[in-house]
Amino acid sequence: MSDLPIGRPITRRPVGANITAVGVGLALAFGVLAGGAGWWQVVEAGRLTTAPDNPLVIATARTALRGQVVDRAGIVLASNERDANGEVFRVYADQAVSHVVGYASLLFGSAGLERTYAADLVGLRRDPVADLLRKFDPTPADPQDLTLTLSLDLQRAALAGLGADRGAVVMLDPRTGGILALASSPVYDAGGIANPATSRATWAALNADPVQPLLPRATLGRYVPGSVFKIVTAIAGLGSDAFAPDTIFPEQEAGERDGLVVSGFRIREHAGVPVRSYDLAGATEVSSNIYYALAALAVGGDELSDWAGRLGFDAALPFELPTAVSQVTNGGGDFGGGFKDAVELANAGYGQAETFVTPLQMALVAATVANDGVLMRPHLVASFSSAEGGVRPVRPDEVRRVLGADDAAAIVAAMRQAVEGTLGRQFTSGAAIQGIPTAGKSGTAELGGTGEPHSWFIGFAPADDPQIAIAVLVERGGRGGARAAPLAGALMRAYLVDGVGR
Amino acid sequence: MTGATARPLPAIVPGLRPRPRWRELQLLVLAAIALFVGSVSLGATVRARAAVAADAPLPEGALAPHDLTALLVYLGALFAAHLIQVLAGRRTDQVLLPAVGLLGGLSLLLMQRLPQSLAGQLGGLAQTQLIWLVLALGVITVLAVGVRSDSWLRLYKYTWAAVGVGLLVLTFIFGRDVNGARLTLDLGPISGQPSELLKVILVVFLAGYLSEFRPLLVEQSTRLGPLRLPPLPYLAPMVAMWAIALGIVVIQRDLGAALLFFAVFLTLLYVATARASYVVIGLGLFIAGSAVMYRLFGHVAQRVDIWLDPFADPQGAGYQVVQALYAFGRGGILGTGLGNGLPVVGGRLPIPEIHTDFPLAALGEELGLIGVLAILGLYLVVIERGLRIAASAADDFRALLAAGLSLVVGVQAFIIAAGNLKLIPLTGITLPFISYGGSSLLANALVVGLLLALSDRGVEPPPPRPPRSRLARIVDRGAR
Amino acid sequence: MDFFVLALWLVRLAFLAVLYLFLYTVVRALLRDLRAAAREPGAELGRLVVVASTGDPPPGAVFALDAVTTIGRDVNNTVVVDDPFASGDHAALTFRGRAWYVEDLGSTNGTYVNGSPVEGVAPLGFGDEIQVGQARFRLDRARR
């Protein structure tokens with residue numbers, strides 16, 4: 001630097017060099033700021049601008065007419081109406097889809113697909129430049145109509161089957177991931193929230209209701225799975241080659257008689273299981289807890305967690321509605337995979353311990369087995385359409401291949417035996433569809449205490465060419481075979497035989 | 001550098017020797033054009049939006065400035081500041097005033113654009129800010145023209161330090177809590193934020209202290225195992241600074257000021273000594289202090305948690321930050337245009353403190369990435385000028401003073417901009433020259449005025465070191 | 001409204017453009033300053049290191065050199081030598097084009113370069129030692 005004062009003695013190193021270093025440092029810091037601005041304003045701009053909470057979306061919703069939502073048969077589920085003051089509000093055709101379509105209210109925000117696709121429904125383009133050019137256009141938006149994969153008829157049938165019970169039914173096409181029904185019971189009056197005349201009263205009543213009708217149980221409810229989780233254990237076992245379909249655990253027979261001792265803890269079989277050692281299909285048919293406890297121990301904690309993760313556990317599902325995270329364990333344990341000890345792992349093998357799942361997650365387990373081991377991304381919207389944009393169909397999307405086709409076929413066979421075998425029929429009475437090969441697994445989730453257990457069933461049909469996969473959960477519904485299995489059978493029959501929702 | 005080509009004009013009156021400032025004039029004209037065009041953009045957008053909302057046709061002459069009077073008042077003050085400096089004939093820096101003037105003009109446009117009821121007793125947000133801006137330009141001019149000697153700063157550093165600590169204590173005791181932070185001091189009808197003034201006082205003290213003890217700090221050290229610590233007696237102020245910074249966080253709950261003070265202190269220490277070890281030790285203390293405070297104090301932990309994931313609670317704790325990010329996102333590359341952003345939705349402000357804490361988000365929305373980069377560039381220009389003044393200063397005190405003053409502006413702008421952009425936890429300090437508020441504008445005007453005065457190449461030489469009497473030494477030691 | 005929207009777009013872009021024109025003008029001016037500073041005669045051209053002396057300046061002191069540097073006992077010199085054997089205006093160092101020269105200004109005791117007396121003007125190289133009175137200086141390259 002040439003900044004020394006002329007003609008004055010220099011006694012020390014000048015501060016000039018240090019100042020240059022500071023200047024360079026500050027310039028770099030401001031470069032980071034520029035990078036940050038670029039990140040939010042270019043890279044993330046689209047995602048931020050179409051977020052349902054974004055004031056731009058909310059402001060546009062005030063002026064723009066939202067697009068319609070229709071089911072797979074073209075029945076209008078959500079449309080617009082004007083009140084006496086000329087204010088536009090949303091009306092909904094049927095409370096059966098309240099947890100799917102949700103609501104859009106000026107006072108209470110939005111939920112469901114109304115929230116997820118708020119930017120599309122109000123017609124906000126995701127192209128900011130084109131958006132700006134339209135700023136002074138009196139009709140600035142191009143609202144998109146949503147056509148769903150869901151069938152209102154099937155959804156109604158599912159809710160009718162659940163009746164007054166709380167619970168959930170998920171039906172989907174395992175080949176595409178298209179959701180056919182996503183029912184949560186009880187439902188609520190979404191139109192009451194959206195209508196300005198009734199919104200405050202409806203909102204207050206729904207939030208005060210102890211049965212939590214606003215909770216979408218199919219996607220956000222987390223339940224002990226019981227025996228339906230055995231399919232996850234089977235997938236982990238065959239997938240990791242810990243055992244084969246014909247593997248027999250010789251220690252099972254003694255366990256069936258006196259209980260299986262794991263680290264001093266005795267696991268007992270439920271009643272009605274003939275005492276002997278089984279292979280995969282046999283154990284699945286009689287729903288042997290001892291077999292699946294031994295299977296989980298053979299698989300190990302790391303592999304069980306890992307394979308559950310491949311099915312979608314331990315993270316929000318790639319879905320259009322918010323989903324709760326399904327888990328095989330609380331995590332944090334040092335036994336492997338987050339399990340605390342061998343006892344927890346053995347109990348998790350048949351869906352007890354700290355295992356919690358959403359009905360949607362279990363439906364995806366069944367669908368993965370049905371689809372030769374390939375997990376498809378579950379989705380509700382079949383296509384977008386608008387005046388300017390035409391029809392944009394949503395393509396089916398593979399999440400990943402979870403399991404080899406041979407292993408999947410072995411589990412299909414086991415699940416079919418569970419529904420159609422002579423012993424299996426005792427546990428899954430009523431799931432079988434006359435004339436159509438059916439596969440499935442029932443579950444009875446013990447909750448401790450004196451109450452009835454949760455009643456579960458997952459399955460698919462036809463077993464040799466699956467077109468529909470299903471998960472049914474009835475809270476406090478008793479044994480899986482008693483409540484969930486017959487309902488699942490009836491719903492699949494309605495779809496496959498009677499053509500409901502086709 | 002600045003006055004190299006400018007020859008003094010003949011004296012009009014004895015003692016007054018005007019000197020033209022062509023570069024400053026050229027830049028001021030550019031700034032004025034920019035602000036005029038910006039005002040037209042704002043005015044046209046506001047009129048068009050009003051017409052669309054009322055479903056009325058666009059009024060005649062919609063393409064006109066938003067508030068011509070306010071703009072002319074501001075530009076008049078800017079050119080008056082220029083003219084007075086020309087008349088005074090000092091060879092001071094010619095870039096700082098236009099750069100700061102442009103930032104202030106952007107502030108005026110932003111305040112005109114926000115709801116006027118947001119703040120300000122003197123006729124609304126924009127008008128109050130205009131008054132403060134004109135006062136700030138006055139302060140800049142008076143200091144740039146009037147300060148001929150720095151001895152009043154250099155000789156009384158302990159007095160200044162005492163004033164600073166006094167201000168801090170006064171705020172602790174008599175301060176008013178605003179949003180959980182005790183920052184505001186009321187003096188009759190006037191209220192102000194002393195921490196803004198405190199930062200200038202801090203720099204004056206540090207420049208005096210470090211320039212006096214620089215040889216000792218550079219050459220001596222205390223060995224502690226492999227570490228080379230500063231000489232222990234001179235370490236005391238460093239620890240004191242650290243303690244004061246922590247005190248500000250704990251008692252005033254002002255994370256931003258604490259961060260600013262500590263960063264400026266460490267950087268000045270480095271400028272004075274060129275010893276990275278001091279900075280490393282300081283950073284170590286900072287990290288340790290932060291970790292302890294994160295565990296002990298809820299408000300610190302909350303800020304950090306919001307920073308890590310504001311989307312965890314977008315309607316509650318993370319609301320402001322999320323809304324700021326939405327604003328940046330809506331701006332995109334080119335922005336929505338002045339006046340066309342969404343600071344108000346349905347009569348409600350998504351970002352409550354937009355005029356003080358989030359002006360960059362508001363400008364980022366309306367001017368886009370391009371505008372944000374230009375604003376960052378303007379701050380870099382101010383910093384570059386300040387550091388250059390420091391580098392060419394006649395002695396250590398002036399160099400450290402100028403460096404410290406530029407750092408105050410640069411680091412403060414960085415902290416709040418980075419907070420807006422979610423690069424660091426959000427703190428409630430102002431964006432220099434742009435945020436609404438008299439304390440902030442006047443304190444930063446002090447900084448710019450002093451920098452201008454320091455940049456005069458014809459300034460009198462630094463005074464000889466005064467013989468130190470026994471009494472002075474005792475007093476100094478006591479003050480240390 | 002189409003014309004209006006277009007005009008507004010132009011105004012908006014013009015605003016951003018003028019902001020950048022401002023920045024461009026500043027940066028160009030700063031760069032010109034830097035280049036000028038490198039060329040300016042006021043910039044440091046060399047250094048004079050005090051090798052030995054009896055009074056002020058002390059040995060070890062360093063002076064940055066302007067193009068013309070005068071040495072002598074008189075306080076108006078660039079380098080003031082407090083030495084009874086130095087004259088009031090003793091010698092001048094001048095930088096002409098690319099080289100340094102030393103000129104004796106008619107001193108009583110003479111000016112010496114590497115021990116040899118200077119007659120009128122003599123060229124200097126970096127590292128040469130100049131003696132004025134009892135004080136000896138060394139010409140060093142400027143630190144860049």
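Source: prediction; values computed, not measured. Throughout this document, residue positions are counted from 1 along each chain, in the order its sequence is written. Chain labels run from A onward and ligand labels from 1 onward, assigned in the order the entries are written. Reporting in this predicted model follows two pLDDT cut-offs: at least 70 for local features of residues, and 80 or more for side-chain atom pairs to be given and counted; totals over whole chains, interfaces and linings ignore these cut-offs and use all residues.

Further remarks concern the overall build of chain A. Only DSSP runs of H or I reaching four residues or more are called helices, and only runs of E reaching two or more are called strands; each is numbered from the N terminus. Across its full length, chain A holds 21 helices and 17 strands. Its C-alpha atoms put chain A at 105 × 75 × 40 Å along the principal axes. Each residue is classified by how many other C-beta atoms fall within 10 Å of its C-beta atom, where C-beta atoms are placed from the backbone; a count of 20 or more means buried, 12 or fewer means exposed, and values in between mean partly exposed. For chain A, buried positions account for 54% of its 502 residues. Residues are defined as contacting one another if the C-beta atoms placed from their backbone atoms lie within 7 Å. Taking as baseline every contact in chain A between residues at least 6 positions apart, the subset at least 24 positions apart corresponds to 69%.

Attention now goes to the overall build of chain B. On a plain count of helices and strands, chain B comes out with 16 helices and five strands. Per-residue burial over chain B gives 55% buried out of 480 residues. A separation of at least 24 residues holds for 70% of the contacts in chain B among residues at least 6 apart in sequence.

Only buried residues count toward a nonpolar core: Ala, Val, Leu, Ile, Met, Phe, Trp, Tyr and Cys, linked into one set through C-beta atoms within 7 Å. Formed by 166 residues in total, the largest nonpolar core has its most connected members in Leu268 and Ala403 of chain B. Among the elements that make up this core, the one with the highest residue count is helix α13 (residues 359-391) of chain B (21 residues). Residues contacting Ala403 of chain B, with those up to four places away along its chain left out, are Ile19 and Val22 of chain A together with Leu268, Val271, Leu387 and Ala390 of chain B. Among the nonpolar cores identified, the runner-up in size contains 141 residues, and Tyr117, Leu345, Ala463 and Leu491 of chain A belong to it.

On to helix α14 (residues 396-420) of chain B, then. Residue and element names in this part refer to chain B. The span you would expect from a helix comes to 1.5 Å times its residue count less one. Here α14 contains 25 residues, and its C-alpha end-to-end distance of 35 Å stays within 8% of the 36 Å for a straight helix at 1.5 Å per residue. For α14, the tally of buried residues reaches 25 of 25 residues, placing the bulk of the element in the interior. Backbone geometry just after α14 places Lys422 at a positive phi near 60°.

Okay, the confidence of the model for chain B next. Keep in mind that low pLDDT regions are not for reading the predicted coordinates in detail. Residue and element names in this part refer to chain B. Mean pLDDT over chain B stands at 81; residues scoring 70 or higher make up 83%. pLDDT gives the predictor's per-residue confidence on a scale running from 0 to 100. Every residue in residues 475-480 scores below 50 in pLDDT, and together they form five contacts with partners more than four places removed in sequence or on other chains. With pTM at 0.74, the complex prediction returns an ipTM value of 0.87.

Attention now goes to the interface of chain A and chain B. Contacts between chain A and chain B engage 39 residues on the former and 46 residues on the latter. When contributions to the side of chain A that touches chain B are tallied by element, the ones reaching two or more residues are α1 (16-43), α2 (45-49), α3 (55-63) and α7 (128-133) of chain A. At 18 residues, the largest contribution of residues to the side of chain A that touches chain B is made by α1 of chain A.

Let us now look at the environment of His99 of chain A. All names here are of chain A. If you trace the backbone, His99 turns up in helix α4 (residues 98-101). Residues His99 and Gly449 lie 350 residues apart in sequence; the distance between their C-alpha atoms is 30 Å. When sequence neighbours within four positions are dropped, the list of residues in contact with His99 reads Gly112, Ser184, Val187, Pro216 and Ala218.

Below, the discussion takes up the packing of helix α1 (residues 22-54) of chain B against helix α2 (residues 68-88) of chain B. All names here are of chain B. Each axis is a line fitted through C-alpha atoms, taken for helices only over the stretch in contact, and angles between the N-to-C directions span 0 to 180 degrees. Two numbers describe how α1 lies on α2: the axes approach to 11 Å, and their chain directions differ by 175°. One element, α1, and the other, α2, form an angle in the roughly antiparallel class. Residue-level contacts link Glu24, Leu25, Leu28, Ala32, Leu35, Phe36 and Ser39 of α1 to Leu71, Leu75, Leu78, Phe79 and His82 of α2. Within the contact of α1 with α2, the residues separate by chemical class into nine nonpolar, two polar and one charged. The cut-offs work like this: below 35 degrees is roughly parallel, past 145 is roughly antiparallel, 65 to 115 is roughly perpendicular, and the gaps in between are oblique. Gly is put with the polar residues, along with every residue not named as nonpolar or charged; the nonpolar set is Ala, Val, Leu, Ile, Met, Phe, Trp, Tyr, Cys and Pro, and the charged set is Asp, Glu, Lys and Arg.

All right, on to the environment of Leu48 of chain C then. Residues and elements named next belong to chain C. Summarising the element assignment, Leu48 is placed in strand β1 (residues 46-52). Expressed as a C-alpha distance, the spacing of Leu48 and Ala91, which sit 43 residues apart in the sequence, is 13 Å. Ignoring any residue separated from it by four or fewer positions in sequence, one finds Leu48 in contact with Phe63, Leu65, Val79, Phe137 and Leu139.

Another point: the sheet that holds β1 of chain C. Residues and elements named next belong to chain C. Criterion used throughout: strands pair if DSSP finds at least two bridges between them. Judged by pairing direction, the sheet is antiparallel, and its six strands sit side by side in the order β2-β1-β11-β10-β7-β8 without closing on themselves. Two strands bound the open sheet, and with one partner strand each, they are β2 (62-65) and β8 (116-117). Here strand β10 (residues 129-132) pairs with strand β11 (residues 135-141) via four bridges, running antiparallel. By the bridge assignment, Ile130 is partnered in β11 with Phe137.

A separate point is the environment of Tyr294 of chain B. All names here are of chain B. Within the element layout of this structure, Tyr294 appears in helix α10 (residues 276-296). Residues Tyr294 and Val304, spaced 10 residues apart in sequence, show a C-alpha to C-alpha distance of 7.9 Å. In contact with Tyr294, not counting residues within four places along its chain, are Val300, Ala301 and Val304.

Residues in a regular strand project their side chains so that they alternate between the two faces of the sheet. All names here are of chain A. Burial analysis of strand β8 (residues 179-185) places seven of its seven residues in the buried class, which makes it a mostly covered element. As defined by bridge partners, strand β7 (residues 167-172) adjoins β8 across six bridges and the pair is classed as antiparallel. When the bridges of β8 are listed, Gly167 appears paired with Ser185.

To continue, consider the pairing of strand β17 (residues 468-474) of chain A. All names here are of chain A. Counted residue by residue, β17 has seven buried out of seven residues, so it is predominantly covered. Burial along β17 is two-sided: Ile468, Ile470, Val472 and Val474 facing one way and Ala469, Ala471 and Leu473 facing the other are all buried. Where β7 meets β17, six bridges bridge the pair, whose relative direction is antiparallel. Bridge pairing in β17 links Gly167 to Val474. Direction of pairing for strand β16 (residues 454-461) relative to β17: antiparallel, over a ladder of seven bridges. Within β17, the residue paired with Ser455 across the bridge is Val474.

An order of β3-β2-β1-β6-β12-β13 (chain A) is seen for the six strands of this open sheet, with the pairing classed as mixed. Two strands lie at the open edges of the sheet, namely β3 (88-92) and β13 (390-393) of chain A, each paired on one side alone.

The next subject is helix α12 (residues 319-331) of chain B. One turn of the α-helix equals 3.6 residues, which is why residues spaced by three or four share an orientation. Residues and elements named next belong to chain B. Across its 13 residues, α12 extends 18 Å between first and last C-alpha, which sits within 8% of the 18 Å expected from 1.5 Å per residue. In terms of burial, α12 is largely enclosed, as 12 of its 13 residues are buried. Inspection of α12 places Gln320, Val321, Val322, Gln323, Ala324, Leu325, Tyr326, Ala327, Phe328, Gly329, Arg330 and Gly331 among the buried residues, and these make up the whole buried set. Directly beyond the C-terminal end of α12, a positive phi value near 60° is found at Gly332.

All names here are of chain B. Relative orientation of the contacting elements helix α9 (residues 255-273) and α10 amounts to 165°, with a least axis distance of 9 Å. With respect to α10, the element α9 is oriented roughly antiparallel. The chirality of how α9 crosses α10 is right-handed. From α9, Phe262, Leu266, Leu269, Tyr270 and Thr273 reach across to α10, where they touch Tyr278, Val279, Gly282 and Phe286. Definitions for this section: a left-handed crossing has its near helix turned counterclockwise from the far helix by less than a right angle. A right-handed crossing has that turn clockwise.

With that out of the way, let us pick up the confidence of the model for chain A. Summing up the model confidence of chain A, the mean pLDDT is 85 and the portion of residues at 70 or higher is 93%. pLDDT under 50 marks residues 1-12 of chain A. Its contacts with residues more than four places away, or in other chains, come to 28 contacts.

Here the focus is unusual backbone geometry. Residue and element names in this part refer to chain A. The residue after Ser185, namely Pro186, is reached through a cis peptide bond having omega 5°. Note on placement: Pro186 falls in the loop between β8 and α9 (190-194). For the peptide bond that leads from Ala461 to Pro462, omega is -15°, which places it in the cis range. Take Pro462: it is sitting in the loop between β16 and β17. Although it is not a glycine, Gln212 sits at a positive phi angle of roughly 50°. For Gln212, the location among the structural elements is in the loop between α10 (199-208) and α11 (217-220).

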